[in-house]
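Observations on the three-dimensional arrangement
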Amino acid sequence: MKKKFLIGCVTWGIVFLSACTKPQPIADSVPTKALESMGKEEGTTTPVTTAEPTATLMPTATPEPTATPEPTATPIPVKEEYVIPEGTWVPAEAPAVRNAMSEEEKISRQNEILGKGTFLFSGKTNRGYNPSDISWLKEAKPTDAVALLFACDDVTHGGWGVLGISVKAYKIGDKMQEVKAYSDEPDRERLELYTVEELQKLVGATEPSQLTSFSIGAWNGGRIAGLYFLQEEVVTELNAFLKEVEEKEQIIHTYSRALSNENAIENAKMMYEYLKEVYGKVCLTGQMESTWMGAPEYEMNYIKEHTGKLPAIRGFDFIHNDFAGVTKRAKEWWEMGGIPTICWHTGVDFSSAYDESKADNMNWEEAFLPGTETYNALVAGMDRAVPYLQELEDAGVPILWRPFHELDGGWFWWSKGGSANFVKLWQLMYSRYTDYWGLDNLIWVLGYSANGGEMAAWYPGDAYVDLIGADSYTAGANGALYEECRELAPEGIPLVFHECGTIPTEEQMKEVCAPWLYFMVWTTEYLTSDEYNTKEALQNIYNSDYYITLDELPFG
């Protein structure tokens, strides 16, 4: 099976265990919950024949501090010469999310092992590899391997395919395997390992001698940083080293099956207990509302008309500064016995909408330096939603709070700073809302995209998360995506399909062992078009014993 590894990060596909405790908030003062309303209403090349790699062809990286035996809390980074202005609010200090091996050690040891193989090629951006002589591959053993170091120098393409490995076999055919860049530091050099046996299977060859062509294409900023042929003994050594990195860089889990906020209101605790109780047994129905189809009830009316039911979960969005409208409708939904969830399409000013959420970017160097202009604007922007979330708490309404969704996708501004900055951003909002403002009605939903790869790097820690999930507009239960979430998550935490186009059937979820706690269909045509969900399919879903609808919830 193909193995993917990130230099400096763990691979995806690990079960993580360990323990730490959530710190107490650090704040100048905690205001009362009675808040005043704020804000608006609103190419071919000749292969290199050098037997040994040179230093310039090896990956480079900025060394990180050597890991200590025990994880320590990571404070908000402050430049040595920078003094936080007196009276500035500083978020709670975050516990270590994961153990670490120093970048310097990893790069050094990896290069040492790769150097024992045969160096084949390294190229410039968008320059591929198409050798005329592949005798080294045709004469290889199935347990030998090709090691590829790759990067994406054009970061505007982060998260999309930038390389393609093509293999051909005599009288059998040809096949290409896409290699993706990553939205987490897409220009960083990463390692991917293919055994000769995997290359054979890719094209359907039964032995290496049948292979007639091996090439790598590069586009959209793709760069082959290093290509090596490794014999079996070197492959074994490299795999052992990568396994060691995995073990040393496990996420530190502290999940106790309770809400991350120990001061959560009783209704939030009650809802969370229910969600944990039904997880794995049934699936809750969910539907996102639109507000531009004549009335916010467009999707709800459609479901009611064609199924006789309403969804258990209704999705809201603070987009276009619809704070008051969302608050009103979320209250009404809870009073009907339903579960409200809220996301927020907005720019970095937290007062704009979808276009800005994709076009904007942040001054990440200053964003987490308390007292800077960027930091103050960031915190003030987050605060725009506080009075409305507080109003919901005062009414006893628990909210599945889903900020910064599709967090690793690379298209929204909150993921453009890379995984480390996203983690700080999530932790900052959590501390601001929970520790400073005392919002105790939020159940925090961490929502990945279907982009794939290195989810662990984006994880803000068990102390900041209550539900973990991903979205996908690929039909079916998306079993591989569910498995990625499961391998990342602490044991027992419910996993959610927080956005989709086509509703996965019970049979599909059981077939691939992907028992999502709930699904939530996106708006308008994703619900109403037969391309995604036929009326018959909706009727079957909403009237199945496996799917929970509004009338079956215990909150009415």
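Keep in mind that this is a model prediction, so the values were computed, not measured.

The rules behind these values
- Residues numbered from 1 in each chain as written.
- Predicted model: local features only at pLDDT ≥ 70, side-chain atom pairs only at ≥ 80, totals over all residues.
- Heavy atoms only, no water.
- Buried < 20%, exposed > 50% of the residue type's maximum accessible area, 1.4 Å probe, protein only.
- Helix = DSSP H or I, 4+ residues; strand = E, 2+ residues; numbered from the N terminus.
- Pairing = 2+ DSSP bridges.
- Salt bridge = Lys/Arg side-chain N within 4 Å of Asp/Glu carboxyl O.
- Expected span 1.5 Å × (residues − 1).
- Arc of directions from axis to C-beta.
- Contact = heavy atoms within 4.5 Å.
- Axes fitted to C-alpha atoms, helices over the stretch in contact; angles between N-to-C directions.

**What to know about the pairing of strand 6 (residues 190-195)**
Taken across its 6 residues, strand 6 has 6 buried, putting it largely inside the fold. Along strand 6, one buried face is formed by Arg190, Glu192 and Tyr194 and the opposite face, lined by Leu191, Leu193 and Thr195, is buried too. Judged from the 6 bridges that link them, strand 3 (residues 145-152) and strand 6 form a sheet pairing that is antiparallel. Its bridge partner lying in strand 6, Leu148 is registered against Glu192.

**Digging into the side chain of His306**
Along the chain, His306 turns up in helix 6 (residues 298-307). Accessibility expressed as a relative area gives 19% for His306, which makes it buried.

**Re the pattern of salt bridges**
Enumeration according to the criterion identifies 26 salt bridges in this entry. Between Lys243 and Glu247 there is a salt bridge, with its nearest N and O atoms 3.7 Å apart. Of this pair, Lys243 and Glu247 both sit in helix 4 (residues 232-248), separated by 4 residues, roughly a single helical turn. When its relative accessible area of 48% is taken as the criterion, Lys243 is described as partly exposed.

**Points about helix 1 (residues 103-114)**
Between its terminal C-alpha atoms helix 1 stretches 16 Å, which fits the 16 Å expected from 12 residues at 1.5 Å a residue. For helix 1, the set of buried residues is Glu103, Lys106, Ile107, Gln110, Asn111, Ile113 and Leu114. For helix 1, the buried positions fall inside an angular range of 160° around the axis, keeping them on one side. Across helix 1 from its buried face, at more than 90 degrees, point the exposed residues Glu104 and Glu112. Elements that come into contact with the buried residues of helix 1 comprise strand 3, strand 6, strand 8 (222-230) and helix 4.

**Section: the sheet that holds strand 5 (residues 173-180)**
The strand order across the open sheet built from 3 strands is 5-4-7, with neighbouring strands paired in antiparallel fashion. The open sheet is flanked by strand 5 and strand 7 (211-218), the only strands paired with a single partner. Strand-to-strand twist across the sheet, computed as the mean angle between neighbouring axes with direction ignored, equals 15°. Contacting strand 4 (161-169), strand 5 and strand 7, helix 3 (residues 196-203) crosses the sheet at an angle of about 80° to strand 4.

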